[in-house]
Amino acid sequence: IRRRRPDLILAVGMDALRKVRKIREIPIIYCMVLDPESVLDNERNITGVSMNIPPERQLAVITRILPNLKRIGLVYNPMKTGRIAEKVRDAAERRGIRLTAFKAESARDLPGCLAALPYGLDLYWMLPDSTFTTPEAIESIFLFSITNRVPIYTFSEKYLRMGAFMSLAPDTFEMGRQAGQMAEKLRTGTDIRNIPRSDAERGIPAVNRKVAGKLGIRLDDASVGKLRMANEE
């Protein structure tokens with residue numbers, strides 16, 4: 001890449017971003033990266049679109065389906081999703097929602113943290129944290145959900161099919177569009193330092209009606225039907 005000196009580098013995914021972040025003389029745009037700030041500092045030649053959907057926007061979608069949402073629990077690894085957990089806490093506080101969050105540095109700590117969560121939670125927020133996506137960790141989370149009748153909100157339809165109640169997955173097409181808009185600004189002369197890094201603007205929401213029925217959650221068909229519209233506002 002240094003030898004060919006392209007006008008732009010597009011880094012797709014965290015591994016690609018790690019590979020090219022040391023190149024300082026060529027503009028870089030990233031996408032499909034969950035938490036870019038965990039590997040970036042103040043590089044002046046890098047911008048892009050993260051896979052993070054702002055928690056405030058996520059809560060706007062969740063509360064359309066669960067309007068009486070008051071108590072949320074989550075477990076996170078501070079080394080991987082600490083910043084995301086803090087943003088969730090801030091967004092919840094602004095909406096008057098109580099968040100109980102426990103730190104766990106390994107999957108071995110997960111069962112104990114789940115057991116320590118208070119009784120009567122309205123939702124368990126499953127963060128995109130690789131620490132807790134091993135088969136054993138997923139089994140612990142879903143066992144907690146079934147035993148305590150707590151619906152799971154997650155970031156991927158993969159877990160929705162496994163028994164989560166609701167998901168909001170980043171819209172990868174829209175992330176590509178956002179990255180393309182950044183590239184177009186570069187092409188027309190905008191300095192990359194004047195193109196701010198951004199989060200994913202839209203997500204794809206889905207609800208598992210079967211799980212809702214098992215948990216006794218009554219779904220308002222009108223609200224479910226407006227999920228996409230609410231997420232695009």
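Residues numbered from 1 in each chain as written. Predicted model: local features only at pLDDT ≥ 70, side-chain atom pairs only at ≥ 80, totals over all residues. Heavy atoms only, no water.

The number of helices and strands found in the protein chain is 10 helices and 9 strands. Here the C-alpha radius of gyration of the protein chain, 19 Å, is about what a compact globule of 233 residues would show, namely 17 Å. Here the C-alpha coordinates of the protein chain stretch approximately 60 × 40 × 30 Å along the principal axes. For the protein chain, the proportion of contacts with a sequence separation of at least 24, taken over those separated by at least 6, is 62%. Within the structure as shown, the protein chain displays about 12,600 Å² of accessible surface, and the carbon and sulfur contribution to it stands at 50%. Across the protein chain, 38 positive and 28 negative side-chain charges occur, with their mean positions spaced 1 Å apart. (Helix = DSSP H or I, 4+ residues; strand = E, 2+ residues; numbered from the N terminus. Rg over C-alpha atoms; globule rule 2.2 N^0.38 Å. Contact = heavy atoms within 4.5 Å. Areas by Shrake-Rupley, 256 points an atom, 1.4 Å probe, with all protein chains shown as cover. Lys, Arg positive; Asp, Glu negative; His and termini not counted. Charge placed at Lys NZ, Arg CZ, Asp CG, Glu CD.)

This paragraph deals with the pattern of salt bridges. Considering all chains together, one arrives at 16 salt bridges under this definition. Each of Arg21, Glu37, Asp41, Glu43 and Arg197 takes part in salt bridges that share partners, so that together they form one network. (Salt bridge = Lys/Arg side-chain N within 4 Å of Asp/Glu carboxyl O.)

Under the criterion given, the structure shown has 3 aromatic pairs. With a centroid separation of 5.9 Å and an interplanar angle of 65 degrees, the aromatic rings of Tyr124 and Phe144 are classed as edge-to-face. Within this pair, whereas Tyr124 is found in strand β6 (residues 123-125), its partner Phe144 is found in helix α5 (residues 135-148), the two being separated by 20 residues in sequence. In terms of burial, Tyr124 and Phe144 fall into one category: buried. (Phe/Tyr/Trp six-rings, centres within 6.5 Å; stacked < 30°, edge-to-face > 60°. Buried < 20%, exposed > 50% of the residue type's maximum accessible area, 1.4 Å probe, protein only.)

At a closest axis distance of 8 Å, the pairing of helix α2 (residues 55-65) and helix α3 (residues 78-94) adopts a crossing angle of 50 degrees. The orientation of α2 relative to α3 falls into the category oblique. In this structure, the crossing between α2 and α3 has a hand that is right-handed. In contact with Pro55, Glu56 and Leu59 of α2, α3 contributes Lys87, Val88, Ala91, Ala92 and Arg94. For the contact of α2 with α3, the class distribution of residues is 5 nonpolar, no polar and 3 charged. (Axes fitted to C-alpha atoms, helices over the stretch in contact; angles between N-to-C directions. Parallel < 35°, antiparallel > 145°, perpendicular 65-115°, else oblique. Left-handed = near helix turned anticlockwise from the far one by under 90°. Nonpolar A, V, L, I, M, F, W, Y, C, P; charged D, E, K, R; others polar.)

Pairing analysis gives 6 bridges linking strand β4 (residues 71-76) to strand β5 (residues 98-103), with the strands arranged parallel. Counted as the bridge partner of Val75 is Phe102 from β5. Taking the sense of rotation as the criterion, the β-α-β connection linking β4, α3 and β5 turns out right-handed. (Pairing = 2+ DSSP bridges. Right-handed = clockwise from strand over helix to strand, strands pointing away.)

This part is about the sheet that holds β5. Pairing is mixed in the open sheet, where 6 strands are placed in the order β5-β4-β6-β7-β8-β9. With one partner strand each, in any of the chains shown, β5 and β9 (203-207) form the two edges of the open sheet. Averaged over all pairs of adjacent strands, the angle between their axes in this sheet comes to 20 degrees, without regard to strand direction.

Moving on, we get to helix α7 (residues 172-187). Helical periodicity: at 3.6 residues per turn, an α-helix aligns residues three or four positions apart in one direction. The terminal C-alpha atoms of α7 lie 22 Å apart, and with 16 residues this matches the ideal 22 Å at 1.5 Å per residue to within 8%. In this fold, the buried residues of α7 make contact with β2 (28-33), β3 (46-50) and β8 (166-170). Where α7 begins, the capping side chain belongs to Asp171, and its oxygen is found 3.1 Å from the backbone nitrogen of Phe173. Gly189 lies just past α7 and shows a positive phi near 105 degrees. (Expected span 1.5 Å × (residues − 1). Polar contact = N/O pair within 3.5 Å; in protein donor to acceptor, adjacent residues only side chain to side chain.)

Another point: unusual backbone geometry. In the Ramachandran plot, Arg5 falls in the positive-phi region, its phi being about 50 degrees despite a non-glycine side chain. Structurally, Arg5 is set in the segment before β1 (9-12).

Read from one edge of the open sheet, 3 strands run β1-β2-β3, paired in parallel fashion. This sheet does not close on itself; its edge strands, each paired only once, are β1 and β3. Adjacent strand axes in the sheet meet at a mean angle of 15 degrees, parallel and antiparallel pairs treated alike. The sheet contact formed by β2 and β3 spans 4 bridges and is parallel. Directly across from Val33, in β3, lies its bridge partner Ser50.

Attention now moves to the nonpolar core. With 40 residues, the main nonpolar core has Leu59, Ile62, Leu74, Trp125 and Phe165 as its most contacted residues. Sorting elements by how many residues they give to this core places α3 first, with 5 residues. Excluding anything up to four places from it in sequence, Ile62 contacts Leu69, Leu123, Trp125, Tyr153 and Met166. In this structure, Leu110, Leu121, Met126 and Phe144 belong to the second largest nonpolar core, which totals 21 residues. (Core = buried A, V, L, I, M, F, W, Y, C linked by side-chain atoms within 4.5 Å.)

As far as function goes, none of this settles anything; it's purely spatial.
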